[in-house]
Amino acid sequence: MTLTGTPTVAQLLCLGDDALVAAQRLGQWCSRAPEMEEDVALANIALDQLGAARLLLSYAGDLEGAGRDEDALAFLRDDRDFRSCLLVELPDPDFAHTIAKLLFLAAYQRLHYERLAAGADERLASIAAKAVKESAYHLDHATLWTLRLGDGTAGSHRRMQAAVDEVWPYPHELFEDDPDLRGAWLSIVEPVLAEATLERPADGWAPTGGRSGRHTEHLSYLLAEMQVLHRAHPGARW
Amino acid sequence: MVTAQLRRVAGSVVDPELRAVTIEELGILRDVGVDPDSGRVVVTITPTYAGCPAMDTIRADIRQALAVAGHPDAEVRTVLSPAWSTDRISEAGRAKLAAAGIAPPGPAGGGPGPGRGTAGPVALALSVRCPRCGSPQTEQLSRFGSTACKALWRCRACLEPFEHIKAL
């Protein structure tokens, strides 16, 4: 992403949709996390993501100039109009998958927001400066869990490794336009995996399409749940 | 001076989730002034966390406080930059938080800045004192708490759990 001028609507939608879909997916852990403290933690991280999403989508709407606000962009777009990466829409068959996805996403967001915070566009820089602090905390949280699960029992190790193996191909998409950033990302993620006694998977299959609206079916189900109330009862308040 | 009075009114609004302290003491209140063109009171605030759900209530409470003081058409603006830090919590605010059983934050320590390329842990204060008995023998139970800005701790001396505002 260019750091020199005003961002495009499409760039803001990529950032905002990543945060929005991640928030919705994390929120699905509410009342279901393995322990109460983790329930609170995942809900808090989801709330941080939602806060960033609101700011980014509001900016995208203002820039677009078509009268769409954050709610219109979040609730009235269809799946093919979302620009989120595939990583955030993946389901969570178990807690290890959530942690693997959060580790990969938070490492990316921290690096990306850090650069945007130093960018020339004042509004985006101020959003990124806020979000980068929160991303660092998310990354730390995911790191601690990766270590605990990877270097834990035989069972937790097996499941954490399986999650890392399964999720590993998806972040490739984040670096398609920005291969240099992947080096910095690897220098965060690889030491965590090593310390957690987890094997770093080989690079190979690199699924893509989220940035151009070609998603997995999982996004459609997620959006159906997220959007149904707003679409059934436009402007509902309580 | 009028602006100082307005600031006292707006600044006296209590944080809805940390009811021991005002938005002035928390450093959420940035500026209070009067728009020279419209004559409306303009209050500028900044969120603690981007997703802080208390912001709508804070905005409404500011408008209500100013309406009671004779300014029914006050405008509340939100700015993000410079980003809020726990370093903005005043000494009076810290004392009130501690008195309410919430351990105030240590220095924010700069946070992640450009050039920090590794996944080092977020810097934590060396010891968090128990707000009830003052013991430094405390431990973190959960890195997240009942609101975005707090973590859950426990005192090993008096065994009481307590909340701690995370340094940010």
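Computed from a predicted structure; not experimentally measured. What you see as residue numbers is a count from 1 along each chain, following the sequence as written. Ligands are numbered from 1 and chains lettered from A, in the order in which they are written. The predicted nature of this model means local features are confined to residues of pLDDT at least 70 and side-chain atom pairs, given and counted, to a pLDDT of 80 or more, with totals for whole chains, interfaces and linings taken over all residues.

Secondary structure elements follow DSSP: runs of H or I no shorter than four residues count as helices, runs of E no shorter than two count as strands, and numbering proceeds from the N terminus. The helix and strand inventory of chain B stands at 4 helices and 7 strands. Counted from the first residue to the last, chain B has its helices and strands arranged as α-α-β-β-α-β-α-β-β-β-β. In this description, a residue-residue contact is defined by the distance between C-beta atoms placed from the backbone, which must lie within 7 Å. Partitioning the intrachain contacts of chain B with sequence separation of at least 6 by distance along the chain shows that 53% fall at a separation of at least 24.

All names here are of chain B. Pairing between strands is defined by DSSP: at least two bridges between the two strands are required. Bridge count for strand β5 (residues 138-142) against strand β6 (residues 150-155) is 4 bridges, and the pairing is antiparallel. Within β6, the residue paired with serine 142 across the bridge is leucine 152. Looking at chain direction, β6 and strand β7 (residues 161-165) are connected through 5 bridges and run antiparallel. Bridging across to β7, tryptophan 153 finds its partner in phenylalanine 162. Counted between consecutive antiparallel strands, the loop separating β6 from β7 contains 5 residues, among which leucine 159 sits at a positive phi close to 70°.

Once that is clear, we can look at the packing of helix α5 (residues 95-117) of chain A against helix α7 (residues 154-167) of chain A. Residue and element names in this part refer to chain A. Angles shown run from 0 to 180 degrees and are taken between the N-to-C directions of axes, each axis being a line fitted to C-alpha atoms and, for helices, limited to the stretch in contact. Put simply, α5 and α7 touch, their axes get as near as 8 Å, and they point 50° apart. Classed by the angle they form, the pair α5 and α7 counts as oblique. In this structure, α5 meets α7 at a crossing whose hand is right-handed. Listed contacts from α7 to Ala96, His97, Ala100, Lys101 and Phe104 of α5 are Arg159, Met160, Ala163, Val164, Glu166 and Val167. For classification purposes, angles smaller than 35 degrees are called roughly parallel, those larger than 145 roughly antiparallel, those between 65 and 115 roughly perpendicular, and all remaining angles oblique. Helix crossings get a hand from a simple test, with the near helix turned counterclockwise from the far one by less than a right angle marking a left-handed crossing and a clockwise turn marking a right-handed one.

Once that is clear, we can look at the interface of chain A and chain B. By a frequent convention, interface size equals the accessible area lost on bringing the separate parts together. Tallying the contact residues gives 33 residues for chain A and 23 residues for chain B. Of all the secondary-structure elements, those providing two or more residues to the side of chain A that touches chain B are α2 (36-64), α5, α6 (122-150) and α8 (179-195) of chain A. By the convention adopted, Pro, Cys, Tyr, Trp, Phe, Met, Ile, Leu, Val and Ala count as nonpolar, Lys, Arg, Asp and Glu as charged, and the other residues, Gly among them, as polar. The class makeup of the residues in the side of chain A that touches chain B is 19 nonpolar, 6 polar and 8 charged.

All names here are of chain B. In this structure, serine 12 sits in the loop between α1 (2-11) and α2 (23-26). Buried residues are those with 20 or more other C-beta atoms within 10 Å of their own C-beta, exposed residues have 12 or fewer, and partly exposed residues lie in between; C-beta atoms are placed from the backbone. Classification of serine 12 as partly exposed rests on a count of 16 C-beta atoms within 10 Å. On a C-alpha basis, the gap between serine 12 and glutamate 25 in space is 8.9 Å, while along the polypeptide they are 13 residues apart. Excluding its chain neighbours within four sequence positions, the residues that come into contact with serine 12 are Thr22 and Ala65.

What follows concerns the packing of helix α1 (residues 9-27) of chain A against helix α9 (residues 217-232) of chain A. Residue and element names in this part refer to chain A. Viewed as axis vectors pointing N to C, α1 and α9 meet at an angle of 80°, and their least axial separation amounts to 11 Å. By the angle between their axes, α1 is roughly perpendicular relative to α9. Residue-level contacts link Val21, Gln24 and Arg25 of α1 to Leu219, Leu222 and Met226 of α9. Residues belonging to the contact of α1 with α9 are distributed by class as follows: 4 nonpolar, 1 polar and 1 charged.

With that settled, the discussion passes to the pairing of strand β2 (residues 41-45) of chain B. Successive side chains on a regular strand alternate, one facing one side of the sheet and the next facing the other. Residues and elements named next belong to chain B. Only one face of β2 is covered, namely the one carrying Val41, Val43 and Ile45; the face carrying Val42 and Thr44 has none of its residues buried. Between strand β1 (residues 29-34) and β2, which pair antiparallel and follow one another directly, the connecting turn spans 6 residues, one of which, glycine 39, has a positive phi of 75°. Sheet topology places β2 next to strand β3 (residues 75-78); 4 bridges connect them, and they run parallel. Each residue of the ladder has a partner; that of valine 42, found in β3, is glutamate 75. Viewed with both strands pointing away, a crossover whose connecting path from the first strand over the helix to the second turns clockwise is right-handed. Taking the sense of rotation as the criterion, the β-α-β connection linking β2, helix α3 (residues 55-68) and β3 turns out right-handed.

Moving on to α5 of chain A. For a helix, the expected span equals 1.5 Å multiplied by the number of residues minus one. The first and last C-alpha atoms of α5 of chain A sit 31 Å apart over 23 residues, in line with the 33 Å expected at 1.5 Å per residue. Here α5 of chain A lies mainly inside the structure; 21 of its 23 residues are buried.

With respect to topology, 4 strands assemble into an open sheet ordered β4-β7-β6-β5 (chain B), the strand pairing being mixed. Only two strands of the sheet have a single neighbouring strand rather than two, namely β4 (102-103) and β5 of chain B.

Residue and element names in this part refer to chain B. With mixed pairing, 3 strands are arranged side by side in an open sheet as β1-β2-β3. Two strands bound the open sheet, and with one partner strand each, they are β1 and β3. In this sheet, neighbouring strand axes are inclined to one another by 20° on average, regardless of whether the strands run parallel or antiparallel. Judged from the 5 bridges that link them, β1 and β2 form a sheet pairing that is antiparallel. In the sheet register, aspartate 31 faces β2, and the bridge partner there is threonine 44. Set on the sheet, α1 makes contact with β1 and β2; between it and β1 the angle comes to about 135°.

Turning our attention to helix α4 (residues 91-99) of chain B. All names here are of chain B. When α4 is considered as a whole, its buried residues turn out to be Gly93, Lys96 and Leu97. Buried residues along α4 cover an arc of 100° about the axis, so they all sit on one side. Structural note: α4 exposes Glu91, Ala92 and Ala99 on the side pointing more than 90 degrees away from its buried face. On its buried face, α4 sits against α2, β4 and β7. An arc is given here, and it is the one of the directions from the helix axis to the C-beta atoms.

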